[in-house]
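Coordinates in review
Each chain, letter by letter, is given below.
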Amino acid sequence: MTHRADLVALDKRHVWHPYTPMDRYLAETDPLVVVSAEGSWLTDADGRRYLDANASWWVASLGHRHPALVAALRTQLDSLAHCALAGITHEPAARLAAELTAIAPPGLSRVFYSDNGSTAVEVAVKLCGQYWAQNGRPARTRFIALDGAFHGETLGATSLGGVSTFTRVYAPWTFEVIRLPVADDQTTWAQCLEEVSRILRNHADEVAGVVVEPMVQGAAGMRMHPPEFLRALRELTREADTFLVADEVFTGLWRTGSRWACDHADVAPDVLCLAKSLSGAMLPFAATLTTERLFDGFRGDDSRAFFYGHTYCGNPLGAAVARAALAVYRDEDIPAQVSQKAPRIADAFARMGELPGVVRTRSLGMIGALDLGGDGYLARTGWRVFEEARARGIYLRPMGDTVYVTPPLNIPDGDLTTLLEGVEESVRAALK
Ligand SMILES: *Cc1c(COP(=O)(O)O)cnc(C)c1O
């Protein structure tokens, strides 16, 4: 207990938390002090267990410390923990690139490694921009992104972002993007598509790429799109002969019920950004996949090279763990587990839609979400649900008044029952 109190005191004295109003935290929050995690569970310093309802920010898709991933990390540690990747290589980077391109949407044959979701997107932005600059279309300098988009926190990724809580203050240092509307109910999708096609046709000559979170905008509050929207973006970008960048940092690897969210619309993007669950909640690791066409645009004279990289690009530990994760998806038939568990999430959230105070619900694959009616990230009712869930042994961090679950894809059936019942009870209790 004193141990716990010591840690909280040190934390409150020195740690500046992400996405956290620190006055409120210092005054009101008694944080979970997590000492271990296994499968779908976090254990705190008092020995209490909490179901990890969001897979620790969408990364622990195979649960925490999956034995195959732990073993792969240990084995890799015995030979090579790190070396650079500029003009030299190593087995985990080479084999992972081959394995990723083998399962990627058609046409994606090249892999550029980096550290996290933001850098995966930053790579995509610079690749697209530089491609046009040196391949005869220098006027193509602008990007199109969606209303409510979230692509990460570096300045390029922030520029693409459409959630004002994350972008507003940084406006003086970010670039302007062309913003596409996103409909918020079924009836307005047709109008939305018309508007999108008008914007894309008007700007075809200046657009370096269209960047999209396919099917689900996670950080916007699990906003979901019909596949027709993504299909239309693919058709319009093809017509304009510009690039479609799919940011699957959140959705990639079966989160939405298909391997790639793009699969729902049968779409192959020109660039695919991966991070988060790619390295199974073990290490920061990311990959940006591109086509041969994009790659070829950087060949020839030395000055055409992509002068970009991060120190830990393709880190052998991360790559080895990512390879092990891909093997688990195959060997443990994660797709079959997802197709069996996803309908339970859909049913539970549809039912919660009947609760008084719940405004809207939605689900896709291993994502279930509901809205409590407040607006934006600073709404507070979601946090009442968080407290109720915490008291019931569930870690259920909301996004404002959006309460959602994104559990490990292999969450055991009993734990999924506990989770879904617990969420419902917590919502009821918070709204009472
Ligand atoms: C989380 C996320 C990012 C940023 O990833 P980081 O690893 O936090 O930098 C980018 N795009 C999407 C869609 C995300 O969900």
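Anything mentioned here points back to the structure above.
**Some details on a nonpolar patch on the surface**
On the surface, Leu 155, Val 169, Tyr 170 and Trp 173 cluster together into a nonpolar patch covering about 440 Å² of accessible area. If you trace the backbone, Val 169 turns up in the loop between α8 (164-167) and β6 (178-180). Take Val 169: its relative accessible area is 54%, and that puts it in the exposed class.

**What about the packing of helix α14 (residues 381-391) against helix α15 (residues 413-431)?**
It is at 8 Å that the axes of α14 and α15 come closest, and there the two elements cross at 125 degrees. The angle between α14 and α15 places the two elements in the oblique class. For the pair α14 and α15, the sense of crossing is right-handed. Contact residues: α14 offers Thr 381, Arg 384, Val 385, Glu 388 and Ala 389, while α15 offers Ser 426, Val 427, Ala 429, Ala 430 and Leu 431. Within the contact of α14 with α15, the residues separate by chemical class into six nonpolar, two polar and two charged.

**Some words on the pairing of strand β1 (residues 34-38)**
The pairing of β1 with strand β2 (residues 41-44) spans four bridges and is antiparallel. Its bridge partner being in β2, Ser 36 is matched across the sheet by Thr 43. In sequence, β1 turns back onto β2 through a hairpin of two residues, with Gly 39 there showing a positive phi of about 55 degrees.

**Concerning the pairing of strand β12 (residues 286-291)**
The element β12 is extensively covered by neighbouring structure, given that six of its six residues are classed as buried. Residue alternation in β12 divides its side chains into two sets, Ala 286, Thr 288 and Thr 290 and Ala 287, Leu 289 and Thr 291, and both sets are buried. Note: strand β4 (residues 108-114) against β12, six bridges, orientation antiparallel. When the bridges of β12 are listed, Tyr 113 appears paired with Ala 287.

**Notes on the site of the ligand**
Residues in close proximity to the ligand include Trp 58, Asn 116, Gly 117, Ser 118, Phe 150, His 151, Gly 152, Glu 213, Asp 247, Val 249, Phe 250 and Lys 276, which together make up its full environment. With respect to the ligand, the side chain of Asn 116 contributes an N or O atom lying 3.3 Å from an oxygen atom. Within the contact set of the ligand, an oxygen atom lies 2.7 Å away from a side-chain nitrogen or oxygen of Lys 276. For the ligand, the protein covers 84% of the area, taking 380 Å² as the surface of the free molecule. Per-class residue counts for the shell around the ligand are four nonpolar, five polar and three charged.

**Digging into the nonpolar core**
One broad rule of soluble globular proteins: the nonpolar side chains tend to lie buried together. Ranked by internal contacts, the top residues of the largest apolar core, which has 82 residues, are Leu 396, Leu 419 and Val 423. The dominant element in this core, judged by the number of residues it contributes, is helix α12 (residues 316-331), at nine residues. Here Leu 419 is in contact with Leu 51, Ala 53, Ile 394, Val 405, Pro 407 and Ile 411, once residues within four sequence places are set aside. Core analysis: the next-biggest nonpolar cluster, separate from the first, contains 27 residues, Ala 120, Phe 243, Ala 286 and Leu 294 among them.

**Some remarks on the sheet that holds strand β13 (residues 360-364)**
The strand order β13-β14-β16 describes an open sheet built from three strands, whose pairing is antiparallel. In this open sheet, the two strands that pair with only one neighbour each are β13 and β16 (402-405). The average undirected angle you get between the axes of adjacent strands in this sheet is 15 degrees. Pairing between β13 and strand β14 (residues 367-371): five bridges, direction antiparallel. Residue pairing in the sheet places Thr 361 in a bridge with Leu 370 of β14.

**Side note on the packing of aromatic side chains**
Enumeration according to the criterion identifies 18 aromatic pairs in this entry. Each ring, one from Phe 112 and one from Phe 306, has its centre 5.2 Å from the other, and the planes form 70 degrees; the classification is edge-to-face. Separated by 194 residues along the polypeptide, Phe 112 in strand β4 and Phe 306 in the loop between α11 (292-296) and α12 bring together distant segments of the chain. Judged by relative accessible area, Phe 112 falls into the partly exposed class, the value being 22%. Relative to Phe 166, the ring of Phe 150 lies with its centre 5.3 Å away and its plane at 65 degrees, an arrangement referred to as edge-to-face. Note that Phe 150 is positioned in the loop between β5 (142-146) and α7 (155-160) and Phe 166 in helix α8, a separation of 16 residues in sequence. On the basis of relative accessibility, which here comes to 12%, the residue Phe 166 falls in the buried class. Cluster of aromatic residues (ring-pair linked, three or more members): Tyr 19, Trp 57, Phe 150 and Phe 166. For Arg 49, the ring lying beneath its charged end belongs to Trp 41, and the centroid distance is 4.0 Å. Positioned over the ring face of Phe 295 is Arg 110, at 3.7 Å from the centre of the ring.

Rules used throughout
The written sequence of each chain sets the order in which its residues are numbered from 1. Reporting in this predicted model follows two pLDDT cut-offs: at least 70 for local features of residues, and 80 or more for side-chain atom pairs to be given and counted; totals over whole chains, interfaces and linings ignore these cut-offs and use all residues. Processing note: side-chain calculations cover all non-hydrogen atoms of the structure and skip hydrogens and water entirely. In this analysis, a patch consists of residues with relative accessible area above 30% that form no salt bridge, clustered at 9 Å for like charges and at 5 Å for the nonpolar side chains Val, Leu, Ile, Met, Phe, Trp and Tyr. Here, Shrake-Rupley sampling with a 1.4 Å probe gives the accessible areas, and only protein chains in the shown set may cover a residue. Any Lys or Arg side-chain nitrogen located within 4 Å of an Asp or Glu carboxyl oxygen qualifies as a salt bridge. In this description a helix means any DSSP run of H or I spanning at least four residues, a strand means any run of E spanning at least two, and both kinds are numbered starting from the N terminus. Three exposure classes are used, based on accessible area relative to the maximum for each residue type with a 1.4 Å probe and protein chains only: buried under 20%, partly exposed in between, and exposed over 50%. Angles run from 0 to 180 degrees between N-to-C directions of axes, and those axes are lines fitted to C-alpha atoms, restricted for helices to the stretch in contact. If an angle is under 35 degrees, it is roughly parallel; if it is over 145, roughly antiparallel; if it lies from 65 to 115, roughly perpendicular; otherwise it is oblique. Each helix crossing is assigned a hand: it is left-handed if the near helix lies turned anticlockwise from the far helix by less than a right angle, otherwise right-handed if that turn is clockwise. Working rule for contacts: check all heavy atoms of both residues, and any pair within 4.5 Å makes them a contact. Residues were grouped as follows: Ala, Val, Leu, Ile, Met, Phe, Trp, Tyr, Cys and Pro as nonpolar; Asp, Glu, Lys and Arg as charged; and all remaining residues, including Gly, as polar. Here, a strand pair is defined by DSSP locating no fewer than two bridges between the strands. What makes a residue near a molecule or strand is one non-hydrogen atom of that residue sitting within 4 Å of it. For this analysis, a polar contact is any N or O atom pair within 3.5 Å, provided that within protein one partner can donate a hydrogen and the other can accept it, and provided that sequence-adjacent residues contribute only side-chain to side-chain pairs. What we call a nonpolar core is a set of buried Ala, Val, Leu, Ile, Met, Phe, Trp, Tyr and Cys residues that are connected through their side-chain atoms within 4.5 Å. Each Phe, Tyr or Trp ring (for Trp, its six-membered ring) is paired with any other whose centre lies within 6.5 Å, and the angle between the two planes then decides the class: stacked below 30 degrees, edge-to-face above 60, tilted in between. Look at NZ for Lys and CZ for Arg. If either is within 6 Å of the ring centre and within 35 degrees of the ring normal, a charge sits over the ring.

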